[in-house]
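Understanding the architecture of this molecule
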Amino acid sequence: MHEWALAEGVISTALRVAIEEGLEEITEIVVMVGELQQVDRDAFLFALEQLRTQAMRRARFTIEPIPARLRCRVCGEEWFFKREALDVDEAEAVHFLPEMAHVFIKCPICGSPDFEISEGRGVWLASVRGVRMVG
Amino acid sequence: MVDPRLEVIGRRLSKVDRVLAVASGKGGVGKSVISSTLALALSGMGRRVGLLDLDLTGPSTHLILGVDGLRPIEDKGIIPPRVHGLSYMSVVLFSPEEPIPLRGVDISNAIVELLAITRWKDLDYLIVDMPPGIGDEVLDVIRLMDSSYFLLVSTPSPLAQETVRKLLLLLLELKAPILGVVENMAMETTEGVKRSLEELGVTYLGAIGYDPELDEALGHMDKLMRTKFAMDVVKLAEEVERRIHQKIRS
Ligand SMILES: [Zn+2]
């Protein structure tokens, strides 16, 4: 996934959660990122810094990568996604659109492209911590 | 646990005045040709138009528009490349040649991702070429692009009419805005179709004639826009404008 789009989503979702939970200041934002999303950690942190708002001026951004586990629907084989398995163009396509993995990745045992991503697809805002408003 | 991608989608579409989802109950009714030509016709009328191909497993608008070798333009997301005056987005930007085997959950995820990364600029219309049928894409468009108008494509074939009727019932149940139904490959208005639409309170947008010269013109813009088919689609575009303005006023 593109880092800027993701950072924009994280910042505005965190602000919404903070309002819902009555936080006047955000101190930590935890994001879980599936490895299949091919998010560049530095570019993501840079985008988050650029988009940081007043309510989160001292907040720490924590990014937790989740390994991408794939499972073949034909033979049941399970394996982990490795970035090295893709060439530059393929990795770029998967970066923009993770479902492109279904074009480039095949089951290592039976060769089928029909696999499911059992873990490590998607992005989740895991928690927003902060200081609650008094009164 | 919140999916932050969903939060971005509304913002990505905030400069789009109206989304027109072109859908059909079944394949082979000319939905993609109508979406592409409608986008070109509206653009020819001076409107700012985008075209989004959401037929992820069987994209074809790039073949109709005759474009090749398009690459995504990266700038804080993806800027849709310009194609014959349209802002254009399709999965072929990421995978021009290979088939993309996707199941329902993958399709939904891919649609969320595409909508979250694509930065549409000011548009009067975003035309969405939907895949045929009543599947995840239709439900996702209703869920994620909730102000979309649906424009349905049918043909005089009873099979097409029956599947369009089912799709209409679903859309009515989901309270999705319906612009109307256009009848493709028809020489004249099929009265039965018109009547059954009236019973449902759905607008009949007109008929587009069968044009034996259409296939040969696909991929060649100058030829395509001179076909009789395109002339009919221009009339459809004018009808769409009229209906949209009526809906906005009412
Ligand atoms: Zn296998």
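Details of the structure are given in the entry above.
Report follows, based on the coordinates. (Residues numbered from 1 in each chain as written. Chains lettered and ligands numbered in written order. Predicted model: local features only at pLDDT ≥ 70, side-chain atom pairs only at ≥ 80, totals over all residues. Heavy atoms only, no water.)

Once that is clear, we can look at the overall build of chain B. Helix and strand content of chain B: 10 helices and 10 strands. Rg of the C-alpha trace for chain B: 17 Å, near the compact-globule value of 18 Å for 250 residues, within the 12% margin. For chain B, the spread of C-alpha atoms along the three principal axes comes to 50 × 40 × 40 Å. Relative to its full complement of 250 residues, chain B shows a buried share of 57%. At a minimum sequence separation of 6, the contacts of chain B that also span at least 24 residues come to 75%. By element, 51% of the accessible surface of chain B is carried by carbon and sulfur atoms, the whole surface being about 10,600 Å². (Helix = DSSP H or I, 4+ residues; strand = E, 2+ residues; numbered from the N terminus. Rg over C-alpha atoms; globule rule 2.2 N^0.38 Å. Buried < 20%, exposed > 50% of the residue type's maximum accessible area, 1.4 Å probe, protein only. Contact = heavy atoms within 4.5 Å. Areas by Shrake-Rupley, 256 points an atom, 1.4 Å probe, with all protein chains shown as cover.)

Moving on, we come to the side chain of R121(A). Its location among the elements puts R121(A) in the loop between β5 (115-119) and β6 (123-132). Classification of R121(A) by relative accessible area gives buried; the value is 12%. In this view, R121(A) contacts G34(A), L36(A), Q37(A), P98(A), E99(A), R5(B), N109(B) and E113(B); residues no more than four positions away in its chain are not counted.

We now examine helix α4 (residues 104-117) of chain B. All names here are of chain B. Counted at 1.5 Å a residue, the expected span for α4 with its 14 residues is 20 Å, and the 20 Å between its end C-alpha atoms agrees. Where burial is concerned, most of α4 is hidden: 12 out of the 14 residues are buried. Along α4, the residues that are buried comprise D106, I107, S108, N109, A110, I111, V112, E113, L114, L115, A116 and I117. (Expected span 1.5 Å × (residues − 1).)

Once that is clear, we can look at unusual backbone geometry. Residues and elements named next belong to chain B. Look at H84: it is not a glycine, yet its phi comes out positive at around 45°. Looking at the element boundaries, H84 is found in the loop between β5 (82-83) and β6 (86-89). On the basis of relative accessibility, which here comes to 39%, the residue H84 falls in the partly exposed class. In this structure, K175 takes a positive phi of about 60° despite not being glycine. Tracing the backbone through its elements, the reader meets K175 in the loop between α6 (158-173) and β9 (178-183). Residue classification places K175 among the exposed positions, given a relative accessible area of 73%.

Within the secondary structure, S35(B) sits in helix α2 (residues 31-44). According to the relative accessible area criterion, S35(B) is buried, its value standing at 0%.

What follows deals with the sheet that holds β5(A). All names here are of chain A. Taking strand neighbours across the sheet as the criterion, the three strands line up as β4-β3-β5 in an open arrangement whose pairing is antiparallel. The strands lining the two open edges of the sheet, one partner per strand, are β4 (78-80) and β5. Within the sheet, the average angular offset between the axes of one strand and its neighbour, ignoring direction, is 30°. Pairing of strand β3 (residues 69-72) with β4, which is carried by three bridges, proceeds in the antiparallel orientation. (Pairing = 2+ DSSP bridges. Axes fitted to C-alpha atoms, helices over the stretch in contact; angles between N-to-C directions.)

Right, let's get into the coordination of the zinc ion. All names here are of chain A. Around the zinc ion, the protein supplies C72 (SG), C75 (SG), C107 (SG) and C110 (SG) as donor atoms, at distances of 2.3 to 2.4 Å. Relative to the metal, the four donor atoms surrounding the zinc ion lie at angles of 105 to 118°, and the coordination shape comes out tetrahedral. Between consecutive donor residues of the zinc ion, the sequence gaps follow C-x2-C-x31-C-x2-C. Linking C75 in the loop between β3 and β4 with C107 in the loop between α4 (101-104) and β5, this pair joins segments that are 32 residues apart in sequence. The partly exposed category is assigned to C75, whose relative accessible area is 39%. The class for C107 is buried, based on a relative accessible area of 4%. (Donors = N, O, S within 2.8 Å, 3.2 Å for Na, K, Ca; no water. Tetrahedral: all angles 85-135°; square planar, octahedral: opposite > 155°, others 65-115°.)

Attention now goes to the packing of helix α1 (residues 4-12) of chain B against α4(B). All names here are of chain B. The interhelical angle for the contact between α1 and α4, taken along N-to-C directions, is 50°, at an axis separation of 7 Å. Between α1 and α4, the angle is such that the two are oblique. In this structure, the crossing between α1 and α4 has a hand that is left-handed. Contacts between α1 and α4 involve R5, L6, V8, I9 and R12 from the former and N109, V112, E113, L115, A116 and I117 from the latter. (Parallel < 35°, antiparallel > 145°, perpendicular 65-115°, else oblique. Left-handed = near helix turned anticlockwise from the far one by under 90°.)

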